[in-house]
Amino acid sequence: MDLATSCKDKLAYFRIKELKDVLTQLGLSKQGKKQDLVDRILGVLADEQVPKTSTKKTSIGKEEVAKLVDDIYRKMQVSGATDLASKGQGVLESSLETGFRCCISNNLLKKIKIHLKRRKIRRATMEKKINHPISLFATLCVVLFILSSSIITVTEAEVITLTPDTFSDKVKEKDTAWFVKFCVPWCKHCKNLGTLWEDFGKVMEGEDEIEVGEVDCGLNKALCSKVDIHSYPTFKLFYDGEAVVKYNGTRDVESLKSFALEEAEKAAAKAQLDNDQEL
């Protein structure tokens, strides 16, 4: 397998953050969609050498580019950033005794294994009786209950609740825009939003560079005052820890999505320009 093919397979598992890390070390542009970034890296491997840049006087060979991709790829495996065996989906082996299997997430698999381990500790005789239909049925019920609980948790996870302890660190995340809703429970306008923000969060789930958050100003008055929130609901987009723009448009999912994508791209371009000027 040649270098380009090998790297292409690995780059398929890279998120935008890892792709930008590679391009940064190569001194190349980080603008564009995910496929554009992948093609830019593969284009380098198709040439004899990486072009010289204004900040780096030496050229990098294709082997060094491949090694850079491989190093980041290995780090992702160690940190759990990607699961090559199942691409994010695990296969449940609930226990050797029951033989019950079901396709679920890896986090859910861990929960079930922990639960079954505790069952074994509490019931030392279960191993002898596991083949009994009642035991199998009981285990199946436990699995289905945990599965249903996990599904509910996942559907609510697209919108991240921010607090004074997490807000600052989150909105400062590199190369990530945060679109945040600020509300209070007693505001009728906030109540009239219904599930709008949750629906918006689900739509934006596939956008690696944009996170959707919310802050309860009733519980976090000091935080809301610090970021200049005086009316509700307020929607603000943050980039590199700074409030970039306030949303005053139509309150529907498509309008929110178009706004978030456009403003996040502008903020990223400005940050890249500022960084290039500093270099």
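A brief report on the enclosed structure follows. As the structure is a prediction and not an experimental result, all values here were calculated from the model.

On to the overall build of the protein chain. Scanning the protein chain from N- to C-terminus turns up 12 helices and seven strands. The proportion of buried residues among the 279 residues of the protein chain is 37%. Of the roughly 17,100 Å² that the protein chain leaves accessible, carbon and sulfur atoms contribute 53%.

On to the pairing of strand β7 (residues 242-247), then. Bridge count between strand β6 (residues 234-239) and β7: five bridges; the pairing is antiparallel. Within β7, the residue paired with Phe-238 across the bridge is Ala-243. Between β6 and β7, which pair antiparallel in sequence order, lie two residues; one of them, Asp-240, sits at a positive phi of approximately 55°.

The next point concerns the nonpolar core. By size, the foremost hydrophobic cluster in this structure holds 38 residues, and its most contacted members are Phe-167, Phe-179, Phe-182, Trp-197, Phe-200, Val-215 and Phe-238. Every element with two or more residues in this core is listed here: α8 (167-171), β4 (177-183), α10 (196-203), β5 (210-216), α11 (221-226), β6 and α12 (253-278). Per-element accounting of this core gives the leading share, seven residues, to α12. Leave out the neighbours within four places in its chain, and Phe-238 touches Phe-167, Val-171, Thr-176, Ala-177, Trp-178, Val-180, Phe-182, Val-227, Ala-243 and Val-244. Membership of the second largest hydrophobic core comes to 22 residues, among which are Val-22, Leu-23, Val-38 and Tyr-73.

Another aspect to go through is the packing of aromatic side chains. Scanning all chains against the criterion turns up 12 aromatic pairs. Both rings, one in Trp-197 and one in Phe-235, keep their centres 5.2 Å apart while their planes meet at 35°; by these two values the pair is tilted. Taken as a pair, Trp-197 in helix α10 and Phe-235 in strand β6 lie far apart in primary sequence, 38 residues in all. Three or more aromatic residues joined by ring pairs form one cluster here, namely Phe-179, Trp-197, Phe-200, Phe-235, Tyr-247 and Phe-259.

As a further point, take the sheet that holds β5. Taken in spatial order, the five strands make up an open sheet running β3-β5-β4-β6-β7, and their pairing is mixed. Strands with a single pairing partner mark the edges of an open sheet, and in this sheet they are β3 (159-161) and β7. Strand after strand, the sheet turns through a mean of 30° between neighbouring axes, direction not considered. Sitting on the sheet, α10 touches β3, β4, β5 and β6, and the angle it makes with β5 is about 160°.

Take the pairing of β4 next. Buried residues dominate β4, accounting for seven of its seven residues. Of the two faces of β4, both are covered, the one formed by Ala-177, Phe-179, Lys-181 and Cys-183 as well as the one formed by Trp-178, Val-180 and Phe-182. The pairing of β4 with β5 spans seven bridges and is classified as parallel. Bridging across to β5, Ala-177 finds its partner in Ile-210. Where β4 and β6 come together, six bridges link them in antiparallel fashion. Note that in β6 the partner of Phe-179 across the bridge is Leu-237.

Conventions used here
Residues numbered from 1 in each chain as written. Predicted model: local features only at pLDDT ≥ 70, side-chain atom pairs only at ≥ 80, totals over all residues. Heavy atoms only, no water. Helix = DSSP H or I, 4+ residues; strand = E, 2+ residues; numbered from the N terminus. Buried < 20%, exposed > 50% of the residue type's maximum accessible area, 1.4 Å probe, protein only. Areas by Shrake-Rupley, 256 points an atom, 1.4 Å probe, with all protein chains shown as cover. Pairing = 2+ DSSP bridges. Core = buried A, V, L, I, M, F, W, Y, C linked by side-chain atoms within 4.5 Å. Contact = heavy atoms within 4.5 Å. Phe/Tyr/Trp six-rings, centres within 6.5 Å; stacked < 30°, edge-to-face > 60°. Axes fitted to C-alpha atoms, helices over the stretch in contact; angles between N-to-C directions.

Note that every value here comes from positions in space, so none of it alone points to a role or purpose.
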